[in-house]
Amino acid sequence: MRETVAILDYGSQYTQVIARRVREAGVYCEVFAHDVSAGELTARGVRAVILSGGPASVHEAGAPSIDRTILDAFPVLGICYGMHLMAQVLGGAVAAEGKREYGPAEFESLPPASALFAGLAPRERAWMSHGDSVSRLPQGFHAIARTDRLAAAAMSDGARRFGVQFHPEVAHTPNGTLIIRNFLFNVCGLTGDWTPAAFVEEAIREIEVAVGARHAVCGLSGGVDSAVAAALVARAIGNRLTCVFIDTGMLRKDENREVVAAFGERVPLVVVDASARFLARLAGVVEPEKKRAIIGEEFVRCFEEEAEKLGTAAELLVQGTIYPDVIESKSRDSKTAARIKTHHNVGGLPEDMALGVVEPLRRLFKDEVRRVGAELGLPEDLLWRHPFPGPGLAVRVIGPIDRPSLDMLREADAIFLEELRAAGLYRDVAQAFAVLTSTQSVGVQGDFRTYGRMVALRAVTTDDFMTADWARLPYDLLAKVSARIVNEVPGVNRVVYDVSSKPPATIEWE
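Residues numbered from 1 in each chain as written. Predicted model: local features only at pLDDT ≥ 70, side-chain atom pairs only at ≥ 80, totals over all residues. Heavy atoms only, no water.

What follows covers the overall build of the protein chain. Summing up its helical and strand segments, the protein chain has 15 helices and 18 strands in all. Over its C-alpha trace the protein chain gives a radius of gyration of 25 Å, about what one expects of a compact globule, namely 24 Å for 510 residues. Along the first, second and third principal axes, the C-alpha set of the protein chain runs to 75 × 65 × 40 Å. The contacts of the protein chain with a sequence gap of at least 6 include a subset with a gap of at least 24, amounting to 75%. Entry remark: accessible area of the protein chain is about 20,900 Å², with carbon and sulfur atoms responsible for 51%. In the protein chain, 56 positive and 66 negative side-chain charges are present, and the distance between their average locations comes to 2 Å. (Helix = DSSP H or I, 4+ residues; strand = E, 2+ residues; numbered from the N terminus. Rg over C-alpha atoms; globule rule 2.2 N^0.38 Å. Contact = heavy atoms within 4.5 Å. Areas by Shrake-Rupley, 256 points an atom, 1.4 Å probe, with all protein chains shown as cover. Lys, Arg positive; Asp, Glu negative; His and termini not counted. Charge placed at Lys NZ, Arg CZ, Asp CG, Glu CD.)

In structure tokens, the structure reads:
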């Protein structure tokens, strides 16, 4: 059985960053609800447990707790709230400090040397975000690090149980990744057997069992996620998979042609022009979550209809859902994390679906999807296409959607991407696009007063799409893009550049 690390989720927005760091070390991990039992973890092949941070205090009524047996059955690393919980459950004490410590700090390792801090300097920087702290260590534990404020900034029983007050998973703790790797390899003795080749082999076996002799349809969008999902399922079940490309009317410029060219000879492909029905359902809809729900339902209805037309008794729908989709939608996998937004293919699915759902990439991050795609032999230009949201331009037109607005946005977006490629910067950013805002402003074009729409440009850099920073594009490039948009796209007279990071913003505007 594959070695697995369980991350118990106590509601921190950093929980998924912990998962990223573990996966980057070549170790498979999954996020579990905090009330999972030790028996369930054992049955899943779990070899070690990490307790995430969280917004609660252990002193609050109803604060999330833990099956006490877990702390004895597995090596455990508690982070922030996880450290507090471990200390309290094992007989220590946690004190409310009265004010939060939020920001950088420096911790000093204490003798005897701990396996958790192997390779670190005697003093290291770390990121703090807490309101409580451990005031009395549990019996058998000792402090392995301190700060100017905390006598026990980290603790250990000297063998299998560790706690750190700071957040080693975030970039603001420069050597935090090494701390996590030390826990995985020095403490837990894991081997790091999580590779793309291993995933492909395991996923194919799972798909073969799940699908059996049935047929499936795959919702192919042309993006990397659905492409890799299609390639993976096709390898498992062969010609019993038919890909369906739905033209919703909310695609990027020339997307329909590009998808047919890229996939038409690779897999059985059906192209459906459903733009009229999607736009009719979305007429007058402004609220983003309602847009996503409508689009999710219409996608499923289209796939159901096409599956019936195929006459192959297709009973399953393959989707390119990936881990960030699940995380941000606060799926049933999490009981404490806040929902950021509903992804159309997770929270937007109707309950009365006639098709079962197959999601072979559901536990992968974007970079892992690309590595799996390379393992499957997909071309590099496809694997490095910028992500495109399932709802398409519906969530990039702010406010109500109509064909003129979509056409306006399509042209602006195409100009931005064209100039980005011409400058050799397309691969330097993780995602770039234009947004048609609902704001109108006064302008002067051709000596005439105009009252036109404002386009916002968005480009970000990120490794995992869970956090992102705005891309520092050259001013000359932005000036050229802006000039082309206001001159070539009728109805637009103003262009702005979004300099927000995620968090506090999301990558998409809706």
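Don't stop here, the text continues.
This part covers the sheet that holds strand β11 (residues 241-247). Strand pairs in the sheet, formed through backbone hydrogen bonds, run parallel or antiparallel to each other. Taken together, five strands build an open sheet; the order of strands is β12-β11-β10-β13-β14 and the sheet is parallel. Each edge of the sheet is formed by a strand with only one pairing partner; in this case those strands are β12 (269-273) and β14 (356-358). Each adjacent strand pair in this sheet contributes to an overall mean axis angle of 30°, direction not counted. Two strands pair when backbone bridges link them, and strand β10 (residues 215-219) and strand β13 (residues 314-318) are joined in this way by four bridges, in the parallel orientation. Each bridged residue has a counterpart across the sheet, and for H215 the counterpart in β13 is A314. Across the sheet, helix α7 (residues 224-237) is in contact with β10, β11 and β13; its angle to β11 comes to roughly 160°. Against the sheet, helix α10 (residues 288-310) engages β10, β11, β12 and β13, with an angle of about 135° to β11. (Pairing = 2+ DSSP bridges. Axes fitted to C-alpha atoms, helices over the stretch in contact; angles between N-to-C directions.)

Across soluble globular proteins, nonpolar side chains have a tendency to be buried as a group. Formed by 90 residues in total, the largest nonpolar core has its most connected members in L457, L473 and I485. For this core, the element with the most residues is α7, which contributes nine residues. Setting aside residues up to four positions removed in sequence, L473 forms contacts with F416, L420, L425, V429, A459, L478 and Y497. (Core = buried A, V, L, I, M, F, W, Y, C linked by side-chain atoms within 4.5 Å. Buried < 20%, exposed > 50% of the residue type's maximum accessible area, 1.4 Å probe, protein only.)

This model, assessed by the stated rule, comprises 40 salt bridges. Note that R161 and D157 form a salt bridge whose closest N and O atoms lie 3.1 Å from each other. Each of R277, R281, E297, E298, R301, E304 and E305 takes part in a single network of salt bridges with overlapping partners. (Salt bridge = Lys/Arg side-chain N within 4 Å of Asp/Glu carboxyl O.)

What follows is about the side chain of D367. Topologically, D367 is positioned in helix α12 (residues 366-375). D367 has contacts with R20 and D463, leaving out every residue within four places of it along the chain.

In this section: the pairing of β11. Most of β11 is tucked away: seven of the seven residues are buried. Alignment of β10 against β11, held across four bridges, turns out to be parallel. Considered in β11, the bridge of C218 is made with C243. Crossover β10 to β11 through α7 is right-handed. The sheet contact formed by β11 and β12 spans five bridges and is parallel. Bridged to D247 within β12 is D273. For the crossover from β11 across helix α8 (residues 255-263) to β12, the handedness is right-handed. (Right-handed = clockwise from strand over helix to strand, strands pointing away.)

Counting buried positions over the six residues of strand β1 (residues 4-9) gives six, a clear majority of the element. Burial along β1 is two-sided: T4, A6 and L8 and V5, I7 and D9, pointing in opposite directions, are all buried. Note: β1 against strand β2 (residues 28-33), six bridges, orientation parallel. In the sheet register, V5 faces β2, and the bridge partner there is C29. The parallel pair β1 and β2, bridged by helix α1 (residues 15-24), forms a crossover whose chirality is right-handed.

Below, the discussion takes up the packing of helix α6 (residues 196-211) against α12. Between α6 and α12, the shortest axis-to-axis distance is 9 Å and the interhelical angle comes to 75°. With respect to α12, the element α6 is oriented roughly perpendicular. Residues P196, A197, F199 and V200 of α6 touch α12, and the partners they reach there are R371, V372 and E375. Here the residues of the contact of α6 with α12 sort into five nonpolar, no polar and two charged. (Parallel < 35°, antiparallel > 145°, perpendicular 65-115°, else oblique. Nonpolar A, V, L, I, M, F, W, Y, C, P; charged D, E, K, R; others polar.)

The next subject is the packing of aromatic side chains. The description of an aromatic ring pair rests on the distance of the ring centres and on the angle between the ring planes. Summed over the entire model, instances satisfying the criterion amount to nine aromatic pairs. Note on W470 and Y497: the rings are 6.3 Å apart at their centroids and 75° apart in plane angle, and the pair reads as edge-to-face. Separated by 27 residues along the polypeptide, W470 in strand β17 (residues 469-470) and Y497 in strand β18 (residues 492-497) bring together distant segments of the chain. Take W470: its relative accessible area is 21%, and that puts it in the partly exposed class. (Phe/Tyr/Trp six-rings, centres within 6.5 Å; stacked < 30°, edge-to-face > 60°.)

Okay, unusual backbone geometry next. Here the residue pair K502 and P503 is connected by a cis peptide bond, since its omega of -15° sits within 30 degrees of zero. Mapped onto the elements of the fold, P503 is located in the segment after β18. Of note, the amide linkage connecting P503 to P504 takes the cis form, showing an omega dihedral of 10°. Position of P504 among the secondary structure elements: in the segment after β18. The backbone phi angle of C80 is positive, close to 55°, even though this residue is not glycine. Within the element layout of this structure, C80 appears in the loop between β4 (76-79) and α4 (81-89). If you check the backbone angles, D254 has positive phi at about 65° while not being a glycine. By the element assignment, D254 lies in the loop between β11 and α8.

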